[in-house]
Amino acid sequence: MTNITRILKNSWKNFSRNLWLSIATMFMMFVALAVVGSLILFDESLSAFVSGLQEKVDVSIYFTQEAEEEDILTVKDTLEERGDVKSVAYISKDDALEIFTERHEKNEILLESLDELESNPLQASINIKVHQPEQFAGLVEFLENSTAAEYIETINFQENERVINTITSISASVNRAGLLFTIILTSLVILVTYNTIRLAIYTAREEIYIMKLVGASNWFARTPFVITGGLYGLISALLVLAFFFGGAYFMDSQVSLVFADIDFWGYLAQNNVYFSLIIIGTGVFIGTSSSWLAAKRYLKV
């Protein structure tokens, strides 16, 4: 216990002796850990956004004017029997006309033009939702090769597929760029911490010499510097956690107004242990590993 107490005291002395350099090191660590946390939240929020979009996406099948309602209902029954289909909603020509009229009830010119037509110009349709977005392609292929294809006019799958693929592609690109930026920033943090510990070793060189004269072991001389590096990472990580949890809590209502599917505060509250362990673990690892390298390189005991 005596040795542990002395090691901790020496660690704090190394930290406070070069206070401004320690603050600069922790600032760099704060930025690096904030980027790591931002990437986690970005990936989660984008996943929630894409999932919400996928929930809203469906395949709409529009039938020709000549298609009989009996044939359309047969297609509907066939689709409902498929395991990949989540729901099927049939909209008849009359229902489509009613929806169209309600949606454009204030557009008198459009409604008058519609009244002048001798027949209902709108098409009957079926809206289909599947359990997984990847199942849309197989469903569309099934419809295009079925006997129902002769009275199917259009299937709007391609437009919806393009939206999902675009968002997924953007997500992957941003994650790659963020990962590269994190690696570069982490390398800079390791370099800064490395040189900070190097300076701390130089400043304490006489104390280290005296410790060795009275029989201190290599472990006893090096450990305080490693703990000092871990202290940089721990304090920086705690500040980052306070920043994220505080910011998410106070900005929760504003974010939900703009992005209904994104809930930063809900995610952090539900995954607080996981998120905290990643941030603290990353900070302590960067601090201790860079300090250990510096102590091994410059502390020849």
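Please read all numbers here as calculations on a predicted model, not as lab measurements.

**Q** Run through the overall build of the chain, naming residues and quoting values.
**A** Scanning the chain from N- to C-terminus turns up 12 helices and 4 strands. For the chain, buried positions account for 36% of its 301 residues. Put simply, 83% of the contacts in the chain that link residues at least 6 apart link residues at least 24 apart. Of the roughly 17900 Å² of accessible surface on the chain, 61% is carried by carbon and sulfur atoms.

**Q** Please provide a residue-by-residue account of a nonpolar patch on the surface, values included.
**A** Residues Leu-19, Trp-20 and Ile-23 make up a contiguous nonpolar surface patch of about 360 Å² in total accessible area. Tracing the backbone shows Leu-19 in helix α2 (residues 19–56).

**Q** Give a detailed account of the nonpolar core, specifying residues and quantitative values.
**A** Of all hydrophobic cores here, the largest spans 21 residues; its most connected members are Ile-61, Phe-63, Val-75, Leu-79, Ile-126, Ile-128 and Leu-143. Counting residues per element, the ones that place at least two in this core are β1 (59–63), α3 (69–80), β2 (85–91), β3 (125–130), α6 (135–144) and β4 (152–155). For this core, the element with the most residues is α6, which contributes 4 residues. The contacts of Ile-128, once residues within four sequence positions are left out, are Asp-58, Val-59, Ile-61, Leu-79, Val-85, Ser-87, Phe-136, Leu-139 and Leu-143. One finds Ala-34, Ala-237, Val-240 and Phe-244 within the second-largest nonpolar core, a separate group that totals 15 residues.

**Q** Run through the packing of α3 against α6, naming residues and quoting values.
**A** Interhelical geometry of α3 versus α6 gives an angle of 140° and a closest axis separation of 13 Å. Two packed elements cross with a definite hand, and for α3 against α6 that hand is right-handed. On α6, the residues that touch Val-75, Thr-78 and Leu-79 of α3 are Leu-139, Phe-142 and Leu-143. Tallied by class, the residues present in the contact of α3 with α6 amount to 5 nonpolar, 1 polar and no charged.

**Q** Please give an account of the side chain of Ser-60 that cites residues and values.
**A** On the secondary structure map, Ser-60 appears in strand β1. Owing to a relative accessible area of 5%, Ser-60 belongs among the buried residues under this scheme. Not counting residues within four places of it along the chain, the set of residues in contact with Ser-60 comprises Ile-126, Asn-127, Thr-154, Ile-155 and Asn-156.

**Q** Describe the sheet that holds β4, listing the residues and the values that go with them.
**A** Taken in spatial order, the 4 strands line up as β2-β3-β1-β4 in an open sheet, and their pairing is antiparallel. The open sheet has two free edges, formed respectively by β2 and β4, since each of these has just one partner strand. Strand-to-strand twist across the sheet, computed as the mean angle between neighbouring axes with direction ignored, equals 20°. Where β1 and β3 come together, 4 bridges link them in antiparallel fashion. Within the sheet, the bridge partner assigned to Ile-61 lies in β3 and is Ile-126. Relative to the sheet, α6 contacts β1, β2, β3 and β4, its axis offset from that of β3 by approximately 145°.

**Q** Lay out the layout of surface pockets with the relevant residues and their values.
**A** Which parts of space are left empty comes out when a probe the size of a water molecule is rolled across the atoms. There is about 240 Å³ of room inside the largest pocket. Along the walls of the largest pocket sit Ser-60, Tyr-62, Ile-91, Ala-96, Ile-99, Phe-100, Arg-103, Leu-122, Gln-123, Ser-125 and Asn-127, which together make up its complete lining. If you list the elements that add at least two residues to the lining of the largest pocket, you get β1, α4 (93–103) and β3. It is α4 that contributes the most residues to the lining of the largest pocket, 4 residues altogether. Taken together, the residues that form the lining of the largest pocket break down as 6 nonpolar, 4 polar and 1 charged.

**Q** Would you mind going over the packing of aromatic side chains in detail, with residue names and values included?
**A** Going through the model one piece at a time under the given rule, you end up with 5 aromatic pairs. On the numbers, 6.2 Å between centres and 80° between planes, the contact of Phe-245 with Phe-275 is edge-to-face. Here Phe-275 lies in helix α12 (residues 272–298) and Phe-245 lies in helix α9 (residues 218–250), a separation of 30 residues in the sequence. Each member of the pair, Phe-245 together with Phe-275, is buried. Ring pairs connect the aromatic residues Phe-30, Phe-243, Phe-244, Phe-245 and Phe-275, which therefore count as one cluster. Residue placement shows Arg-82 over the ring face of Phe-142; its charged tip is 4.5 Å from the ring centre.

**Q** Can you break down a negative patch on the surface residue by residue, with the values?
**A** Taken together, Glu-69, Asp-94, Asp-95, Glu-98, Glu-102 and Glu-105 make up a surface patch of like negative charges. Of all the elements, α4 adds the most residues to the negative patch, at 4 residues.

**Q** Account for the side chain of Lys-76, naming residues and giving values.
**A** Along the polypeptide, Lys-76 turns up in helix α3. The contacts of Lys-76, once residues within four sequence positions are left out, are Val-88, Tyr-90 and Ile-126.

**Q** So, α6: which residues are in play, and what are the values?
**A** Taken together, the buried positions of α6 are occupied by Phe-136, Leu-139, Val-140 and Leu-143. Buried residues in α6, looked at end-on, bunch into an arc of 100°, giving them a common side.

**Q** I'd like a rundown of the environment of Val-130, residues and numbers included.
**A** Assignment of secondary structure puts Val-130 in strand β3. Val-130 sits 47 residues away from Gly-83 along the chain, and the two C-alpha atoms are 8.9 Å apart. Those residues within four positions of Val-130 in sequence are excluded, and the remaining contacts are Asp-84, Val-85, Lys-86, Gln-135, Phe-136 and Leu-139.

Rules of the game
Residues numbered from 1 in each chain as written. Predicted model: local features only at pLDDT ≥ 70, side-chain atom pairs only at ≥ 80, totals over all residues. Heavy atoms only, no water. Helix = DSSP H or I, 4+ residues; strand = E, 2+ residues; numbered from the N terminus. Buried < 20%, exposed > 50% of the residue type's maximum accessible area, 1.4 Å probe, protein only. Contact = heavy atoms within 4.5 Å. Areas by Shrake-Rupley, 256 points an atom, 1.4 Å probe, with all protein chains shown as cover. Patch = residues over 30% accessible without salt bridge, like charges linked within 9 Å, V, L, I, M, F, W, Y side chains within 5 Å. Salt bridge = Lys/Arg side-chain N within 4 Å of Asp/Glu carboxyl O. Core = buried A, V, L, I, M, F, W, Y, C linked by side-chain atoms within 4.5 Å. Axes fitted to C-alpha atoms, helices over the stretch in contact; angles between N-to-C directions. Left-handed = near helix turned anticlockwise from the far one by under 90°. Nonpolar A, V, L, I, M, F, W, Y, C, P; charged D, E, K, R; others polar. Pairing = 2+ DSSP bridges. 1 Å grid on protein atoms, 1.4 Å probe; cavity = no way out; pocket = protein on both sides within 12 Å on 5 of 7 lines; lining within 4 Å. Points joined across faces, edges and corners; volume = space filled by probe spheres on them. Phe/Tyr/Trp six-rings, centres within 6.5 Å; stacked < 30°, edge-to-face > 60°. Lys NZ or Arg CZ within 6 Å of the ring centre and 35° of its normal. Lys, Arg positive; Asp, Glu negative; His and termini not counted. Charge placed at Lys NZ, Arg CZ, Asp CG, Glu CD. Arc of directions from axis to C-beta.

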